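Listed here are the chains, written in short residue letters.
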Amino acid sequence: KVKMIMEKYISPLMEQEDELIEPILDYQTTEELPLSSKMIDQVVGQDQAVEIIKIAARQKRSVLLIGEPGTGKSMLGQAISELLPVSKLEDVIVESGGSERNVPKIKTQPAGKAAPYIRKFENEAKSSLVAFRWMMGFVYLAVLFVMFFYYFTKDEPLFLLVGFIVIGLLYFASKKLKTNPAVQIPKILVDHTNSKRAPFIDATGLHAGALLGDIRHDPYQSGGLEAMPHQLVESGAIHQAHQGVLYIDEVSTLSTESQQFLLTAFQEKKLPITGRSLGSSGSMIRTEAVPTDFIMVLAGNVPDVDKIHPALRSRIQGYGYEIYTKTTMEDTPDNRYKLAQFVSQEVRKDRKIPHFTREAVHVVIGRAKEMSPHSKQLTTRFRELGGLIRTAGDIAVQSNAQLVSKKHVEKAMLKIKTLEEQMWMEVDKSRFSTPYSQLGMVQTLLHYKGIIGQVSKISLVVQSSEEVELQAPDWLTIGEQTKLEALLYQKGLFGKYYIQKNGMNQNDESEDDKSSREDLSLGILVASISIKKNIMLVDFAVCGHVDIMGTITGTSYFESKVKTAARQGIKKIIAPLDNAIDDIPKGMEVFWVKTVDEVEEIIVHQFGKIEAHL
Ligand code: ADP
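Every value quoted in this text rests on a predicted model; they were computed, and no experiment measured them. (Residues numbered from 1 in each chain as written. Predicted model: local features only at pLDDT ≥ 70, side-chain atom pairs only at ≥ 80, totals over all residues. Heavy atoms only, no water.)

(A) Region of the structure containing the overall build of the protein chain. When helices and strands are tallied, the protein chain shows 21 helices and 23 strands. By residue count, 46% of the 614 residues in the protein chain fall in the buried class. Taking the intrachain contacts of the protein chain between residues at least 6 apart in sequence as the baseline, contacts between residues at least 24 apart amount to 70%. (Helix = DSSP H or I, 4+ residues; strand = E, 2+ residues; numbered from the N terminus. Buried < 20%, exposed > 50% of the residue type's maximum accessible area, 1.4 Å probe, protein only. Contact = heavy atoms within 4.5 Å.)

In structure tokens, the structure reads:
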């Protein structure tokens with residue numbers, strides 16, 4: 001009884017006890033940092049998600065993980081499987097349906113017991129085969145004896161002929177019969193002989209057969225030599241995940257039909273296997289129900305949420321948890337230490353790169369800060385950050401260094417440009433070829449198509465005293481346009497403007513791009529002021545948004561925008577007060593503003609001397 005109580009109540013609690021690892025704050029290299037053996041403790045910056053995952057694993061609840069790619073969704077899914085008890089695992093076997101040929105039977109055995117069970121059948125089959133061979137041997141001898149007996153006693157050659165024909169027929173008949181004992185051997189569908197933890201089955205992007213199980217095609221069927229139906233049964237991911245975790249990323253890509261079957265399997269905790277291709281011989285076969293008692297972990301990006309089958313979603317809402325994996329964490333000493341731990345983890349996982357010095361980790365932290373859309377926060381888009389770590393490691397390996405130093409990470413930062421960044425740099429030169437010190441031209445700091453801190457130029461060309469033509473990337477929406485018209489009119493600036501499309505082609509844009517593109521309103525407003533007041537804005541850039549009341553609101557990825565501006569030789573920036581930070585690059589001046597009036601004042605006072613000579 002004590003053993004039973006220990007197994008049922010105490011062990012799961014002990015298994016889930018957190019490993020306490022003391023932080024080593026004065027580390028010199030990441031090699032000194034301790035690494036937890038458990039996946040759940042390796043997840044950085046998702047504290048809330050980790051707490052829910054622990055509960056979900058203990059209570060066997062399903063989970064919907066929504067968040068940006070590379071924030072740890074699949075790690076969290078794997079963590080659940082590590083927390084599940086191994087003692088409950090089961091092997092699943094399919095055997096002949098007997099008289100009901102097309103309904104193979106399903107049996108479960110404790111983990112690791114399926115193989116011995118099958119072996120018993122194999123041994124039986126083997127011994128019956130031996131007995132069969134002996135028996136056939138006797139039959140041949142008997143026929144030979146009778147044949148020669150009659151031949152010699154009756155001297156009738158016809159008996160020889162009849163005898164050989166009988167032996168031939170017996171031989172062919174035995175060939176067919178012989179296969180039968182082996183055909184009856186059951187087949188293992190799910191085997192846990194060597195499983196040390198509950199299964200984690202990643203079913204992302206699987207077609208229906210691989211997800212739900214299938215009946216293999218039997219090419220010999222028409223020849224009468226067909227295999228027994230149960231030997232053609234193939235288990236699917238949902239059956240492999242029995243007593244473990246079924247993880248499906250990008251769940252919206254599953255067909256509606258598959259989502260429905262998935263729901264049935266999840267609800268009933270069992271689903272028969274049948275042929276998935278219509279019209280094939282396999283669709284005649286349908287096994288008894290195969291157990292599918294798994295924890296369902298669905299993952300996806302924010303836009304995927306709408307595409308999940310409503311019944312599936314409501315199932316999770318009712319019987320599980322919905323978790324949003326965060327894209328940022330607070331910039332605290334604790335979280336900086338966790339980032340160092342992350343670097344250490346990635347180095348150990350990669351096995352091909354050396355450890356990082358403390359200074360090198362500091363540069364990685366700087367990058368994490370830059371990648372975060374909000375000031376005073378660090379990014380948790382770890383896959384991307386991992387890319388930087390590996391590139392820096394490769395550079396260190398290339399130069400035969402024992403450790404990755406600050407220099408290597410800095411070099412890596414210059415190297416890891418995304419495809420979009422490289423393309424932008426290519427097109428940008430030709431697109432905005434006018435010199436930036438032109439009247440009515442303003443550089444705006446943008447975040448576009450995943451490119452952070454992009455400097456783009458907006459320019460206004462005066463048509464008449466009331467009208468201007470706007471040359472800007474063409475993602476200005478009708479809403480923004482209306483807002484600007486109202487604002488410009490109210491400020492006594494221009495009443496009307498025309499947009500000349502010289503930005504990225506709008507047709508190339510996906511919904512994601514549209515939601516991540518920037519509001520150009522403040523840039524356009526500053527350009528209008530520049531024209532109206534006849535002031536040129538040299539070595540200058542602007543960032544931020546303006547609302548209809550003329551209030552300037554904060555912008556995302558501010559720190560990385562400022563750094564890009566500094567690299568491009570921009571000396572002065574007008575930026576929203578909401579973004580105010582202390583850490584400004586050397587030689588740069590930032591004017592923090594809250595209202596349009598302040599913007600106008602700064603332009604007149606700071607740049608007023610550089611009047612354009614028309
Ligand atoms: P997702 O499923 O959200 O796209 P993954 O869990 O597959 O992301 O993460 C990919 C890799 O990035 C992981 O193998 C790990 O190295 C790293 N990673 C992602 N998120 C985290 C995190 N929260 N903590 C530590 N490492 C992470």
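(B) Molecular detail of the packing of aromatic side chains. On inspection of all chains with the given rule, the structure shows 11 aromatic pairs. Ring pairing ties together the aromatic residues Phe145, Phe149 and Tyr150, which thus form one cluster. The aromatic ring of phenylalanine 261 is capped on one face by arginine 276, whose charged end is 4.9 Å from the ring centroid. Note that arginine 358 overlies the ring of tyrosine 27, its terminal NZ or CZ placed 4.7 Å from the centroid. (Phe/Tyr/Trp six-rings, centres within 6.5 Å; stacked < 30°, edge-to-face > 60°. Lys NZ or Arg CZ within 6 Å of the ring centre and 35° of its normal.)

(C) Quick peek at the sheet that holds strand S2 (residues 90-95). The antiparallel open sheet is built from three strands, whose spatial order is S3-S2-S4. Pairing within the sheet leaves two strands with one partner each, and these edge strands are strand S3 (105-110) and strand S4 (187-190). The sheet shows a mean angle of 35° between the axes of neighbouring strands, direction not considered. Across three bridges, S2 lies against S4 in antiparallel orientation. Bridged to valine 92 within S4 is valine 190. (Pairing = 2+ DSSP bridges. Axes fitted to C-alpha atoms, helices over the stretch in contact; angles between N-to-C directions.)

(D) Quick look at helix H14 (residues 382-398). Counted at 1.5 Å a residue, the expected span for H14 with its 17 residues is 24 Å, and the 24 Å between its end C-alpha atoms agrees. For H14, every residue scored as buried is listed here: Phe382, Leu385, Gly386, Leu388, Ile389, Thr391, Ala392, Gly393, Ile395 and Ala396. As for H14, its buried residues are in contact with strand S13 (328-330), helix H12 (333-350), helix H13 (358-371), strand S14 (377-379) and helix H15 (406-415). Among the residues trailing H14, asparagine 400 stands out with phi positive, at a value near 55°. (Expected span 1.5 Å × (residues − 1).)

(E) Fine view of the pattern of salt bridges. Per the counting criterion, the structure on display carries 18 salt bridges. Ionic pairing is found between glutamate 68 and arginine 381, a salt bridge with its closest N-O pair at 3.0 Å. Linking glutamate 68 in the loop between strand S1 (62-67) and helix H4 (73-83) with arginine 381 in the loop between S14 and H14, this pair joins segments that are 313 residues apart in sequence. On the basis of relative accessible area, glutamate 68 is assigned to the partly exposed category, the value being 25%. Here arginine 367 ties to glutamate 370 by a salt bridge, and the two come within 3.4 Å at their closest N and O atoms. With arginine 367 and glutamate 370 both in helix H13, this residue pair falls three residues apart, about one helical turn. (Salt bridge = Lys/Arg side-chain N within 4 Å of Asp/Glu carboxyl O.)

(F) Up close: the packing of helix H19 (residues 521-532) against helix H21 (residues 596-607). Running from N to C, H19 and H21 point in directions that differ by 45°, and their axes come no closer than 10 Å. The orientation of H19 relative to H21 falls into the category oblique. Every pair of crossing elements has a handedness; the one defined by H19 and H21 is right-handed. Touching Leu522, Leu525, Val526 and Ile529 of H19 are Val596, Val599, Glu600 and Ile603, all from H21. Looking at the contact of H19 with H21 residue by residue, the class counts come to seven nonpolar, no polar and one charged. (Parallel < 35°, antiparallel > 145°, perpendicular 65-115°, else oblique. Left-handed = near helix turned anticlockwise from the far one by under 90°. Nonpolar A, V, L, I, M, F, W, Y, C, P; charged D, E, K, R; others polar.)

(G) Inspection of helix H5 (residues 114-154) at higher detail. Between its first and last C-alpha atoms H5 spans 59 Å; for 41 residues at 1.5 Å apiece the expected length is 60 Å, and the two agree. Taken together, the buried positions of H5 are Ala114, Ala115, Tyr117, Ile118, Ala125, Phe132, Met136, Val143 and Met147. Downstream of H5 by one or two residues, aspartate 155 has phi in the positive range, about 50°.

(H) Representation of a nonpolar patch on the surface within the structure. A cluster of nonpolar side chains, contributed by Leu158, Leu161, Val162, Ile165, Val166 and Leu169, occupies part of the molecular surface with about 550 Å² of accessible area. Within the element layout of this structure, valine 166 appears in helix H6 (residues 157-178). Overall, the relative accessible area of 32% leaves valine 166 in the partly exposed class. (Patch = residues over 30% accessible without salt bridge, like charges linked within 9 Å, V, L, I, M, F, W, Y side chains within 5 Å. Areas by Shrake-Rupley, 256 points an atom, 1.4 Å probe, with all protein chains shown as cover.)

(I) Inspection of the side chain of glutamate 370 at higher detail. Residue classification places glutamate 370 among the buried residues on the basis of a relative accessible area of 9%. At a separation of 3.2 Å, a polar atom in the side chain of glutamate 370 contacts the side chain of lysine 563. (Polar contact = N/O pair within 3.5 Å; in protein donor to acceptor, adjacent residues only side chain to side chain.)

(J) Representation of the site of the ligand. In the vicinity of the ligand lie 18 residues, with Val44, Gly70, Lys73, Glu346 and Arg383 positioned nearest. A distance of 2.8 Å separates an oxygen atom of the ligand from a polar atom in the backbone of glycine 70. In this structure, a nitrogen atom belonging to the ligand sits 3.0 Å away from a main-chain N or O atom of glycine 72. When the ligand sits alone it has 550 Å² of accessible area, and the protein chains cover 88% of it. Of the residues belonging to the shell around the ligand, the class tally is seven nonpolar, seven polar and four charged. (Near = heavy atom within 4 Å.)

(K) Just the side chain of asparagine 335, in detail. For asparagine 335, the location among the structural elements is in helix H12. We classify asparagine 335 as buried; its relative accessible area is 10%. Reaching out from asparagine 335, the side chain makes a polar contact with the backbone oxygen of glutamate 330 at a distance of 2.8 Å. Apart from residues no more than four positions distant in its own chain, asparagine 335 is found in contact with Met329, Glu330 and Leu378.

(L) Summary view of the sheet that holds S1. Taking strand neighbours across the sheet as the criterion, the five strands line up as S5-S8-S11-S1-S12 in an open arrangement whose pairing is parallel. Each edge of the open sheet carries a strand with a single partner, namely strand S5 (200-202) and strand S12 (320-325). Averaged over all pairs of adjacent strands, the angle between strand axes in this sheet comes to 15°, irrespective of strand direction. Bridge count between strand S8 (residues 245-248) and strand S11 (residues 295-300): four bridges; the pairing is parallel. Across the sheet, residue isoleucine 248 finds its bridge partner in S11, namely leucine 298. The strands touched by helix H3 (residues 47-59) are S1, S11 and S12; relative to S12, the strand with the most contacts, the crossing angle is about 155°. Docked against the sheet, helix H11 (residues 310-319) engages S1, S11 and S12, running at close to 100° with respect to S12.

(M) View of the environment of leucine 206. Among the structural elements, leucine 206 can be located in the loop between S5 and helix H8 (208-212). For the pair leucine 206 and aspartate 293, spaced 87 residues apart in sequence, the C-alpha to C-alpha distance is 19 Å. In contact with leucine 206, other than residues within four places in its own chain, are Leu211, Ala237 and Leu254.

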